[in-house]
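Structural features, examined
Listed below are the residues making up each chain.
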Amino acid sequence: MAFSSSVHRLHYLFLPHPCFFLLLLFFPLSSLFASAHTLYDDAREGAEGGRVELFREILRDEAVSRLNHLGEVSDVDGYLERTFLSPASVRAGNVIRGWMEDAGLRTWMDHMGNIHGRVDGMNPSAAQLLIGSHLDTVIDAGKFDGALGIISAISALKVLRLNNKLGKLRRPVEVIAFSDEEGVRFQSTFLGSAAVAGILPASALNISDKSGKTVCDILKDNSIETTEEHLIQLKYEPKSVWGYVEVHIEQGPVLETVGLPLGVVKGIAGQTRLKVTVLGSQGHAGTVPMSMRRDPMAAAAELIVLLESLCRRPQDFLPYDGQSSAFIIESLSGSLVCTVGEISCWPSASNVIPGQVTFTIDLRAIDDVGREAVLHELSTQMYHICDKRSVSCLIERKHDANAVRCDPELSSELKSAALSSFKKMAGNIDVEVPKLMSGAGHDAMAMAHLTKVGMLFVRCRGGISHSPAEHVLDDDVWAAGLAILSFFESQMRLSSRLVQESSV
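Residues numbered from 1 in each chain as written. Predicted model: local features only at pLDDT ≥ 70, side-chain atom pairs only at ≥ 80, totals over all residues. Heavy atoms only, no water.

**Describing the state of the cysteines**
One pass over the full model with this rule turns up 1 disulfide. Between the sulfur of Cys-311 and that of Cys-338 lies a disulfide, 1.7 Å long from S to S. Between Cys-311 and Cys-338 the sulfur-sulfur dihedral comes to about -75 degrees; the bridge is accordingly left-handed. On the criterion of sequence distance, the pair formed by Cys-311 in helix α11 (residues 296-312) and Cys-338 in strand β11 (residues 337-339) is long-range, its members being 27 residues apart. Here Cys-386 stays free of any disulfide, with the sulfur of Cys-393 as its closest cysteine sulfur at 3.5 Å. Classification of Cys-386 by relative accessible area gives buried; the value is 1%. (Disulfide = S-S within 2.5 Å. Helix = DSSP H or I, 4+ residues; strand = E, 2+ residues; numbered from the N terminus. Buried < 20%, exposed > 50% of the residue type's maximum accessible area, 1.4 Å probe, protein only.)

**Thoughts on the confidence of the model for the protein**
Where the model shows low pLDDT, its predicted coordinates should not be examined in detail. Here the protein averages 88 in pLDDT, and 87% of its residues register 70 or above. Segment residues 1-12 is flagged for pLDDT under 50; beyond a separation of four residues in sequence, or across chains, it makes 23 contacts in the model. Low confidence marks residues 15-41, where pLDDT is under 50. Its contacts with residues over four positions away, or in another chain, come to 56 contacts. (pLDDT = per-residue confidence, 0-100. Contact = heavy atoms within 4.5 Å.)

**Section: unusual backbone geometry**
A cis amide bond links Trp-346 to the next residue, Pro-347, at an omega of 10 degrees. With a phi angle near 50 degrees, Phe-55 is a residue other than glycine that sits in the positive phi range. Note that Phe-55 resides in the loop between β2 (51-53) and α4 (56-71). When its relative accessible area of 16% is taken as the criterion, Phe-55 is described as buried. Phi is positive for Asn-164, close to 55 degrees, though the residue is something other than glycine.

**Re helix α13 (residues 368-388)**
Here α13 is 21 residues long and its end C-alpha atoms lie 30 Å apart, about the 30 Å a rise of 1.5 Å per residue gives. Capping the start of α13, Asp-367 holds a side-chain oxygen 3.3 Å from the backbone nitrogen of Val-369, two or three residues further along. Just past α13, the residue Ser-390 takes up positive phi, approximately 60 degrees. (Expected span 1.5 Å × (residues − 1). Polar contact = N/O pair within 3.5 Å; in protein donor to acceptor, adjacent residues only side chain to side chain.)

**Quick word on the packing of helix α5 (residues 87-102) against helix α6 (residues 147-162)**
Contact geometry for α5 and α6: axes closest at 8 Å, N-to-C directions at 25 degrees. In terms of orientation, α5 lies roughly parallel with respect to α6. Taking contact as the criterion, the partners of Ile-96, Trp-99, Met-100 and Asp-102 in α5 are, on α6, Ile-150, Ile-151, Ile-154, Lys-158 and Arg-161. Broken down by class, the residue content of the contact of α5 with α6 amounts to 6 nonpolar, no polar and 3 charged. (Axes fitted to C-alpha atoms, helices over the stretch in contact; angles between N-to-C directions. Parallel < 35°, antiparallel > 145°, perpendicular 65-115°, else oblique. Nonpolar A, V, L, I, M, F, W, Y, C, P; charged D, E, K, R; others polar.)

**Description of the layout of surface pockets**
Empty space among the atoms becomes visible once a probe the size of a water molecule is rolled across them. The space that makes up the largest pocket amounts to roughly 1,200 Å³. Contributing to the lining of the largest pocket are 36 residues, with Gly-183, Val-184, Gln-187, Glu-342 and Thr-360 lying nearest its centre. Elements that contribute at least two residues to the lining of the largest pocket include exactly β9 (270-279), β11, β12 (343-346) and β14 (356-365). A total of 7 residues in the lining of the largest pocket trace back to one element, the largest contributor, which is β14. When the residues that make up the lining of the largest pocket are grouped by side-chain class, the tally is 13 nonpolar, 12 polar and 11 charged. (1 Å grid on protein atoms, 1.4 Å probe; cavity = no way out; pocket = protein on both sides within 12 Å on 5 of 7 lines; lining within 4 Å. Points joined across faces, edges and corners; volume = space filled by probe spheres on them.)

**Some thoughts on the packing of α4 against α6**
Between α4 and α6, the least distance of the axes is 10 Å, while the angle of their chain directions is 140 degrees. In this view, α4 runs oblique relative to α6, as classed from their interaxial angle. As for the relative orientation of α4 and α6, their crossing is right-handed in sense. Of α6, the residues touching α4 (which contributes Ile-58, Leu-59, Glu-62, Ala-63, Arg-66, Leu-67 and Leu-70) are Ala-147, Leu-148, Ile-151, Ile-154, Ser-155, Ala-156, Lys-158, Val-159 and Leu-162. (Left-handed = near helix turned anticlockwise from the far one by under 90°.)

**Examining the pattern of salt bridges**
The tally for this structure, following the rule as stated, stands at 25 salt bridges. For Lys-424, the salt bridge goes to Glu-489, with nearest N and O atoms at 3.6 Å. With Lys-424 in helix α14 (residues 408-426) and Glu-489 in helix α16 (residues 474-503), this pair connects stretches of sequence that are 65 residues apart. Here the two residues Lys-424 and Glu-489 agree in accessibility, since each one is buried. Linked by salt bridges that have partners in common, Asp-368, Arg-371, Glu-372, Arg-397 and Asp-400 make up one network. (Salt bridge = Lys/Arg side-chain N within 4 Å of Asp/Glu carboxyl O.)

**Focus on the environment of Cys-406**
Mapped onto the secondary structure, Cys-406 falls in the loop between β16 (404-405) and α14. The spacing of Cys-406 and Val-245 is 161 residues in sequence and 9.8 Å in space, taken between C-alpha atoms.

**Quick word on the side chain of His-248**
Considering the arrangement of structural elements, one finds His-248 in strand β7 (residues 241-249). A relative accessible area of 1% places His-248 in the buried class. Beyond its immediate stretch of four places on either side in the chain, His-248 contacts Ser-133, His-134, Asp-145, Gly-146, His-442, Met-455, Leu-456, Phe-457 and Val-458.

**Examining the packing of aromatic side chains**
To describe a pair of aromatic rings, one takes the distance between the centres and the angle between the planes. Applying the stated rule across the entire model yields 3 aromatic pairs. Aromatic pair Phe-84 and Phe-186: ring centres 5.9 Å apart, planes at 75 degrees, arrangement edge-to-face. Highlighted residues: Phe-84 in the loop between α4 and α5 and Phe-186 in the loop between β6 (173-178) and α7 (191-197), separated in sequence by 102 residues. Of the two residues, Phe-84 and Phe-186, both sit in the buried class. Note on Phe-487 and Phe-488: the rings are 6.3 Å apart at their centroids and 50 degrees apart in plane angle, and the pair reads as tilted. (Phe/Tyr/Trp six-rings, centres within 6.5 Å; stacked < 30°, edge-to-face > 60°.)

**Brief notes about the environment of Pro-468**
Relative to the elements of secondary structure, Pro-468 occurs in the loop between β18 (453-458) and α16. Spatially, the C-alpha atoms of Pro-468 and Gly-71 are 9.7 Å apart, while their sequence positions differ by 397 residues. Residues in contact with Pro-468, not counting those within four places in the same chain, are Asp-140, Ala-141 and Gly-142.

Below you can see the structure in the form of structure tokens.
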């Protein structure tokens, strides 16, 4: 192969960022360039002379086509939006169900609108592997968030079906497309995965959206009758589940910075969502003197600046009482993030002092104790500001999720699968699969209440997500599919060893 061609192909897989030149300090040039081997072929010669199958047509071309297709399934024209059991979500679920059946899976929809596809493997009664992600989106979304994890799993299983290997899986594998992870419609995340994990309270059925319709109403609108008894039945028994795996775009810049398409997740930050309502005195914009105003908008502005200051420099606000505080502050300094994503006022007129302002707070940190310390200090100072301004303040906790540590065994297997993917695509390169923390919430957080979890991150351009600018290279989609295929194949190899050992 010509030197220039070798460089070009290696660059496409591993080099979307100038920081690659720093990596050259760590990786031998001759090894890297020699390993950039027929990246676009569907198979190549392996290190031992055998054929390495890359399944480009399914794991890249078809997977990318399916991602593009789902990216067009929206409730509005002009941008992507699919919320819990909206018409577009129902259409997307039906499309995904068809793809699952194409991969040889038995499919169904459960009482929370989740789409399931299952293959029994060699031992239908064995504890099953669950794998998947969410089919809902935020408003004005990108097309990879959630969908990539579902499609990567289906594509890998389709490769096994076409090679007559589905039946050789040592345990059942079930792909789940969760109906709600983002929490856009009801401001309550993980409706789908929390139901499967058995942590969704029956009261969640009575949560209302902005139109006044409850979760139960929406389910009924889609001919799904769901009661508290149905939620109990929906919960999976922990002993019936071996583990949960999720492929997801990173939604951050680390993988692009180090120049690699995949990374293994060590853990997921805990998060709290608050709804803050500030009540003041509504009045005429021209006749109420500034000294006599009880303006909830001005108060809300001060509260939001307080939030930003606390999250930028928590050490300036939290009390210090020794070693434990030093540990908490250190953990917060690298992980604490806070966001006000929604704000509204009543009556929302240019010549009226508002009577009420409502805004949301999204607060995340790796350390749960630290997150609670920040929330306590934030609430105390917010109430003090509201008292000083003679307005009332109501702070409601709408959502809490503790930080999650991914299972070391699953993470090790996913790391091996990612490395296998790298080597299949670019030869015997000498790289270390990155280990990352996730600041974003994922269905794995809910599933961790049921079973051990592992996650694989996929590089996204600029670290951009929750935006139409969200983008994943076609070859990175391919790398994710190859990694999950390798993960499935490792299950079959272990199955073969167990059969051989039992026959001795």
